[in-house]
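# Survey of secondary and tertiary structure
Here are the chains, one letter per residue:
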Amino acid sequence: QDHLLGIEKLGPDDITTLLDLADDYVALNRSDNKHGDALQGLTQVNMFFENSTRTQSSFELAGRRLGADVMNMSMQASSIKKGETLIDTALTLNAMRPDLLVVRHPHSGAVDLLAQKVNCAVLNAGDGRHEHPTQALLDALTIRRAKGRLHRLSIAICGDIAHSRVARSNIILLGKMENRLRLIGPPTLVPSGMEEFGCEVYEDMEDGLRDVDVVMMLRLQKERMDGGFIPSEREYYHRYGLDAEKLAFAKDDAIVMHPGPMNRGVEIDGTIADDINRSVIQEQVEMGVAVRMAAMDLLARNLRARRAAAA
Ligand code: CP
């Protein structure tokens with residue numbers, strides 16, 4: 001692959017190769033010498049047009065641990081504020097010869113468009129409601145390490161699925177790896193026709209969570225609701241917030257996941273989120289660094305090979 005724009009373009013073998021390499025990087029990150037040289041001599045630019053805590057910091061750490069020169073562009077201070085278009089900004093950056101461009105943008109498809117205009121590898125760090133591929137890959141690695149496999153698991157994705165790029169990337173990835181997917185949420189927050197993608201749809205948490213191996217919670221993405229119906233947080237927590245009572249319907253060893261940022265007392269009870277016997281939320285954050293190291297390593301190998309072939 002030249003870029004990592006979405007899970008859609010990856011096959012099961014691509015996913016397994018990336019997760020195997022990420023496993024190696026987990027071991028490196030847990031050692032006393034966290035440094036590799038896979039990105040030595042390369043320049044990584046992070047362009048985040050939307051706020052981020054986990055994704056931006058883990059991409060930065062991943063690049064630095066592998067020896068890249070990393071620049072975080074401050075989009076608040078950029079000439080985008082003076083009316084420069086995304087494409088002109090990209091072309092300007094491209095002239096400075098970056099090798100890896102990590103982009104988060106509020107509009108679906110903006111990262112794909114940008115990838116067509118530059119000569120480097122582009123990684124999608126989340127575009128609108130479209131995709132968040134490295135989040136799905138880090139979720140997959142977390143599940144594989146917790147459950148010992150990434151196939152034939154019963155996985156519930158709960159909450160605001162309609163506005164979530166995390167849900168979309170996970171549905172594609174977990175479906176490709178032949179898992180049984182259940183989508184649970186109010187009809188206003190679950191896209192219609194998801195059965196055609198092999199998902200079972202539930203309106204009720206008790207029905208949907210029965211005997212699942214994995215419970216993945218999502219926050220209400222109010223910033224993408226475009227003035228549409230926003231449920232009251234109290235009512236939402238009562239019906240869809242994950243608490244001990246609802247979690248009891250899942251398997252006894254079911255794991256609880258959340259991509260963050262988390263709204264305690266809205267989609268998840270704080271004690272469940274902090275229960276180290278059930279919650280793998282902190283492991284997800286750890287896996288994020290390793291997965292991003294693996295993704296940039298593999299793209300850099302392809303980039304170097306293409307450049308060598310063209311020389
Ligand atoms: N999961 C995720 O994308 O978190 P951030 O918005 O903090 O990057």
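All values derive from a computational prediction rather than experimental measurement.

What follows covers the site of the ligand. By nearness alone, every residue bordering the ligand is listed as S52, T53, R54, T55, R104, H132, Q135, P259 and G260. Within the side chain of T55, one N or O atom sits 2.6 Å away from an oxygen atom of the ligand. Taking R104, its side chain carries an N or O atom lying 2.9 Å from an oxygen atom of the ligand. Within the complex, 93% of the 260 Å² of free accessible area of the ligand lies under protein.

What follows is about the sheet that holds strand β4 (residues 121-127). Two modes of strand pairing occur in sheets, parallel and antiparallel, and in both the strands are linked by backbone hydrogen bonds. In space, the four strands of this open sheet follow the order β2-β1-β3-β4, with parallel pairing throughout. Of all the strands in the sheet, just β2 (69-73) and β4 have a single pairing partner and so form its edges. The mean angle between the axes of side-by-side strands here comes to 15°, regardless of whether they run parallel or antiparallel. Note: strand β1 (residues 43-48) against strand β3 (residues 100-105), five bridges, orientation parallel. If you follow M47 over to β3, its bridge partner there is V103.

So, about the UniProt feature "binding site: L-aspartate" (unreviewed entry) in the protein. Using the residue numbers shown here, the UniProt feature "binding site: L-aspartate" (unreviewed entry) corresponds to K82, R165 and R219. With the annotated positions falling across 138 residues, the maximum pairwise C-alpha distance of 32.7 Å shows that they are not confined to a single cluster. Positionally, K82 belongs in the loop between β2 and α3 (86-94). In this structure, R165 sits in helix α6 (residues 165-176). A relative accessible area of 6% means that R165 is categorised as buried. Each residue touching R165, except ones within four places of it in the same chain, is listed here: E50, R104, H105, G126, D127, G128, R129, H130, E131, H132 and R224. Separated by 2.9 Å, the side chains of R165 and E50 make a polar contact.

Here is what the cut-offs are and how they apply
- Residues numbered from 1 in each chain as written.
- Predicted model: local features only at pLDDT ≥ 70, side-chain atom pairs only at ≥ 80, totals over all residues.
- Heavy atoms only, no water.
- Near = heavy atom within 4 Å.
- Polar contact = N/O pair within 3.5 Å; in protein donor to acceptor, adjacent residues only side chain to side chain.
- Areas by Shrake-Rupley, 256 points an atom, 1.4 Å probe, with all protein chains shown as cover.
- Pairing = 2+ DSSP bridges.
- Helix = DSSP H or I, 4+ residues; strand = E, 2+ residues; numbered from the N terminus.
- Axes fitted to C-alpha atoms, helices over the stretch in contact; angles between N-to-C directions.
- UniProt positions renumbered as here; feature names shortened; annotations may be inferred.
- Buried < 20%, exposed > 50% of the residue type's maximum accessible area, 1.4 Å probe, protein only.
- Contact = heavy atoms within 4.5 Å.

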